[in-house]
Amino acid sequence: MWGLARKADELIDRAVNRLVWRTAEEEREVLTDVPLVTFTFDDVPETALTNGAAILERHGARGTFYVAGGIASRVERDRTLISREGCRELSTRGHEIGCHTFAHRKVRSLGAGLEADLEKNAAYLSAAGVEPPIRNFAFPYNAAWPLARPALRARYLTCRGAGEAINRGKVDHLMLKAVEIRQPEAYARSATRWVDDVAATPGWLIFFTHDIADTPTRFGCTPGTFEHLVAYAAKNCRIVTTGEAVALLGWEGASR
């Protein structure tokens with residue numbers, strides 16, 4: 001019974017995401033002659049800091065790390081999530097911290113409590129030593145919700161989902177598309193094809209992943225594979241954080 005309920009919930013998420021992409025106003029334009037690539041991390045396991053951030057830095061780049069304060073420092077079977085101190089370290093090393101809600105729940109499940117949850121995460125990050133404001137957001141489980149758009153629009157310059165596509169032309173800045181780096185390892189390494197695509201026809205390619213570990217979860221990859229992808233992108237494209245991309249695209253002064 002639990003399996004059926006979970007499958008139904010996932011079907012709702014997919015249907016809602018498709019609805020948002022089809023009906024939401026296209027409010028921003030990706031105009032760039034330079035191919036942009038952004039590496040983002042959801043939930044932010046400790047290895048995203050110890051391995052992921054370090055690899056980006058070796059290539060003169062920085063990433064965007066979407067933190068959910070309510071699960072920070074949690075020890076799970078196959079990963080440990082970043083602490084307050086880790087959030088502060090990422091920030092001081094020049095990486096961008098984004099919001100992933102506080103409770104790490106699907107936005108539609110938060111209902112009228114969404115704004116309080118977002119405020120709680122902002123307070124958590126501020127207490128951790130991350131300088132405000134937090135300007136970019138990623139949907140937990142990549143599950144959007146149309147009724148949440150006013151609250152998200154008021155707080156953030158961008159929101160990121162999944163979608164397995166490059167952002168080009170007219171895009172919905174509150175539902176940016178991204179490509180997942182995940183298992184199996186051969187699949188993760190093959191993500192260079194997306195770099196080739198954006199290099200050939202410039203746009204904004206956003207990658208997202210979770211842990212960067214020798215024995216990754218199914219939602220991450222090994223340090224060797226991540227190094228391979230970052231090095232490949234650095235040779236062919238400009239690696240930027242989400243905030244840097246927003247500035248380069250001239251979206252910062254646009255009406256929300």
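A brief report on the enclosed structure follows.

Within the secondary structure, E89 sits in helix α3 (residues 84-92). The class of E89 is partly exposed, set by a relative accessible area of 35%. Distance from E89 to G129, taken between C-alpha atoms, is 8.8 Å for residues 40 residues apart in sequence. One polar contact links E89 to R93, side chain to side chain, over a distance of 2.5 Å.

Between its first and last C-alpha, helix α5 (residues 114-128) extends 21 Å over 15 residues, near the 21 Å set by a 1.5 Å rise per residue. By the burial criterion, the buried members of α5 are L114, D117, L118, N121, Y124, L125 and A128. The buried residues of α5 all sit within an arc of 115° when viewed along its axis, so they share a single face. The outward face of α5, more than 90 degrees from its buried face, is lined by the exposed residues A116 and A127. Each element contacted by the buried residues of α5 is listed here: β3 (64-67), α3, β4 (96-99), α4 (107-110), β5 (136-138) and α6 (149-155). Just downstream of α5, G129 is the residue with a positive phi angle, here 100°.

Counted according to the given criterion, the structure contains 16 salt bridges. Taken together, the salt bridges that share partners define one network made up of E27, R149, R153 and D172.

Further remarks concern the packing of aromatic side chains. Under the definition given, this model contains eight aromatic pairs. With 5.3 Å between their ring centres and 90° between their planes, F137 and F139 make a pair best called edge-to-face. You can call F137 buried: its relative accessible area is 0%. Among the aromatic residues, those joined into a ring-pair cluster are F39, F41, F65, F207 and F226. Between K106 and the ring centre of Y141, over which it is positioned, the NZ or CZ distance is 5.8 Å. Across the ring face of Y187, the terminal group of R182 is positioned such that the distance to the ring centre comes to 4.2 Å.

Moving on, we get to unusual backbone geometry. The omega angle of the peptide bond from P132 to P133 is 0°, so this bond is cis rather than trans. Relative to the helices and strands, P133 is located in the loop between α5 and β5. Residue P184 follows Q183 across a cis peptide bond; omega there is 5°. Residue position: P184 is located in the loop between β8 (176-180) and α7 (185-189).

About the thresholds
Residues numbered from 1 in each chain as written. Predicted model: local features only at pLDDT ≥ 70, side-chain atom pairs only at ≥ 80, totals over all residues. Heavy atoms only, no water. Helix = DSSP H or I, 4+ residues; strand = E, 2+ residues; numbered from the N terminus. Buried < 20%, exposed > 50% of the residue type's maximum accessible area, 1.4 Å probe, protein only. Polar contact = N/O pair within 3.5 Å; in protein donor to acceptor, adjacent residues only side chain to side chain. Expected span 1.5 Å × (residues − 1). Arc of directions from axis to C-beta. Contact = heavy atoms within 4.5 Å. Salt bridge = Lys/Arg side-chain N within 4 Å of Asp/Glu carboxyl O. Phe/Tyr/Trp six-rings, centres within 6.5 Å; stacked < 30°, edge-to-face > 60°. Lys NZ or Arg CZ within 6 Å of the ring centre and 35° of its normal.

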